[in-house]
Amino acid sequence: MANRASPAARQSQASLFDTEPQAAHPTEAARGCQADRASATLADQFAALSPAWRDALGKFTESPLFPQLCVFVDGERAQNKVIYPRDVFRALRLIEPQQVKVVILGQDPYHGEDAGQAQAHGLAFSVPPGVRPPPSLKNIFKEIHASLTLPVPAHGCLDPWAQQGVLLLNTVLTVEAGRAASHAKRGWEACTDALIRHLSAQHEGLVFMLWGAHAQAKRVLLDAGRHTLLEAPHPSPLSAHRGFLGCGHFVQANQALRAAGREAIDWCLPADAMVLG
């Protein structure tokens, strides 16, 4: 049977977050904030994170890798290369560490466009309103539909999942347009490893969804005695048929959350895309 949160529960969940939901098309003020973040240096975007996330990244930002990463990303932008996403730490802005219940790991941001609009908007697997769901996301929706009998959404904006405590984290947080993995091995892996390690050590009862070999390589950072680790092939069309479809992860995640005394995730997306900020 589908796990559906009541309207009252959804309202309660929304009240946990300082970021207010916006219409699918941001206001002028929201666009101004996005532009400010897009033009900020990477160090400035780090500095704008909440104290809790800055604390989680403390060892990384004190290491030599941090200034090297900043010089690299800022240098790429200075050469007028198109770098996605504009809002690098959006996944962390939408959720605080203590609100995380589920972590879904991706690899690096989408590097393409759809009808002139960037696919990447700072959340792993998610795309902004107006962008068609890519093949991997379509397979995620297929699995949710099959296991929870929920409708397949027409959009691919996963902001409502973040609102409920799902951290959609790529392990590399920037990419050059048209060049997959172009920012890999530049320091991002150490940054996101620090985040993953912090969540594992400082929290209990989290669910980590590890899809594909890249994500599963992160299991060494996780305490399987404290958390639920769910592993399956990647939802890419190249591998989804080898075990992602039929994996039951979204059902299992909610079972684990309930067993830990936490509220389950309503994986059903609204008919119209909702952008949190």
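Within each chain, residue numbers correspond to sequence positions counted from 1 in written order. Only residues with pLDDT of at least 70 are given local features in this predicted model, and only at 80 or more are side-chain atom pairs given and counted; all residues enter the totals for whole chains, interfaces and linings. Processing note: side-chain calculations cover all non-hydrogen atoms of the structure and skip hydrogens and water entirely.

**Regarding the packing of helix α8 (residues 135–148) against helix α12 (residues 249–259)**
The geometry of a pair of packed helices is captured by two quantities: the angle between their axes and the separation between those axes. Heads up, the condition is: To get an axis, a line is fitted to the C-alpha atoms, and for a helix only the part in contact is used. The angle between two axes follows their N-to-C directions and goes from 0 to 180 degrees. Helical segments are the DSSP runs of H or I of at least four residues, strand segments are the runs of E of at least two, and each set is numbered from the N terminus. Any two residues whose heavy atoms approach within 4.5 Å are treated as being in contact. Under the scheme applied here, ten amino acids are nonpolar (Ala, Val, Leu, Ile, Met, Phe, Trp, Tyr, Cys and Pro), four are charged (Asp, Glu, Lys and Arg), and all others, including Gly, are polar.
With their axes 8 Å apart at the nearest point, α8 and α12 run at an angle of 65° to one another. Between α8 and α12, the residues in contact are Ile-140, Glu-143, Ile-144, Ser-147 and Leu-148 and His-249, Phe-250 and Val-251, respectively. A per-class count over the contact of α8 with α12 returns five nonpolar, two polar and one charged.

**Some remarks on the side chain of Gln-216**
Considering the arrangement of structural elements, one finds Gln-216 in helix α11 (residues 212–216). Setting aside chain neighbours within four positions, we find Gln-216 in contact with Leu-210, Trp-211, Glu-231, Ala-232 and Pro-233.

**Comments concerning the packing of aromatic side chains**
Aromatic rings in a pair are described by how distant their centres are and how their planes are angled relative to each other. Definition in use: Each Phe, Tyr or Trp ring, with Trp reduced to its six-membered ring, pairs with another whose centre is within 6.5 Å; inter-plane angles below 30 degrees give stacked pairs, above 60 give edge-to-face pairs, and intermediate values give tilted ones. Burial classes: relative accessible area under 20% of the type maximum marks a residue as buried, over 50% as exposed, and values in between as partly exposed (1.4 Å probe, protein chains only).
The final tally for this structure, using the stated rule, is twelve aromatic pairs. Their ring planes at 55° and their centres at 4.6 Å tell us that Phe-46 and Phe-89 sit as a pair that is tilted. Here Phe-89 lies in the loop between β1 (83–84) and α7 (90–93) and Phe-46 lies in helix α3 (residues 42–47), a separation of 43 residues in the sequence. Here Phe-46 and Phe-89 have matching classes, each one buried. Between Phe-46 and Trp-188, the aromatic rings sit 6.3 Å apart at their centres with planes inclined by 20°, giving stacked as the arrangement. Note that Phe-46 is positioned in helix α3 and Trp-188 in helix α10 (residues 188–202), a separation of 142 residues in sequence. Overall, Phe-46 belongs to the buried group, its relative accessible area being 4%. Overall, the relative accessible area of 0% leaves Trp-188 in the buried class. Through successive ring pairs, a cluster of aromatic residues spans Phe-125, Trp-161, Trp-211, Phe-244, Phe-250 and Trp-267.

**Considerations on the nonpolar core**
Selection rule: Only buried residues count toward a nonpolar core. Its members are Ala, Val, Leu, Ile, Met, Phe, Trp, Tyr and Cys residues joined through side-chain atoms within 4.5 Å.
Counting residues in each nonpolar core, the largest one holds 76 residues, and the members touching the most others are Phe-46, Ile-104, Trp-161, Leu-167, Trp-188, Phe-250 and Trp-267. Not counting chain neighbours up to four residues away, the residues in contact with Trp-188 comprise Leu-42, Phe-46, Leu-69, Val-73, Val-88, Phe-89, Thr-171, Val-172, Leu-173, Thr-174 and His-183.

**Examining the pattern of salt bridges**
Rules: The term salt bridge refers to a pairing of a side-chain nitrogen on Lys or Arg with a carboxyl oxygen on Asp or Glu at a separation within 4 Å.
Per the stated rule, a full pass over the model turns up eight salt bridges. Across the pair Glu-76 and Lys-81 runs a salt bridge whose closest N-O atoms are separated by 3.1 Å. Taking the relative accessible area as the measure of exposure, Glu-76 reaches 8% and is therefore buried. A salt bridge links Lys-218 to Asp-193; its shortest N-O distance comes to 2.8 Å.

**A word on the confidence of the model for the protein chain**
Worth spelling out the cut-off: Per-residue confidence from the predictor is reported as pLDDT, which spans 0 to 100.
When pLDDT is averaged along the protein chain, the result is 90, and 86% of the positions lie at 70 or above. Under a pLDDT of 50 for its full length, residues 1–32 has, in the predicted model, 52 contacts with residues more than four places off or in other chains.

**Examining the state of the cysteines**
Under the convention used in this document: Disulfides are defined as pairs of cysteine sulfur atoms found within 2.5 Å of each other.
Per the stated rule, a full pass over the model turns up zero disulfides. Just so you know, Cys-191 is unpaired, no disulfide at all, and the nearest cysteine sulfur is the one on Cys-70, 9.4 Å from it. For Cys-191, a relative accessible area of 0% translates into the label buried.

**Examining α12**
Applied cut-off: Note: the arc covers the axis-to-C-beta directions of the helix.
Taken together, the buried positions of α12 are His-249, Phe-250, Ala-253, Asn-254, Ala-256 and Leu-257. Angularly, the buried residues of α12 cover 160° about the axis, an arc narrow enough to put them on a single face. Check the buried side of α12 and you find it contacts β2 (102–106), α8, α9 (159–163), β7 (207–211) and β8 (228–232). Gly-261 sits one or two positions beyond α12 and adopts a positive phi of about 80°.

**A short note on empty space enclosed by the protein**
Quick note on the threshold: Using a grid of 1 Å spacing that covers the protein atoms alone, one calls a set of points a cavity when a 1.4 Å probe fits there but cannot get out, and a pocket when the set is open and has protein on both sides within 12 Å along at least five of seven lines; lining residues are those with an atom within 4 Å of a point. Grid points are joined across faces, edges and corners, and a volume is the space filled by probe spheres set on the points.
A full pass over the atoms with the stated rule returns one cavity of 30 Å³ or more. As for the largest cavity, its lining consists of Phe-141, Ile-144, His-145, Leu-150, Pro-151, Pro-153, Trp-267, Cys-268 and Leu-269.

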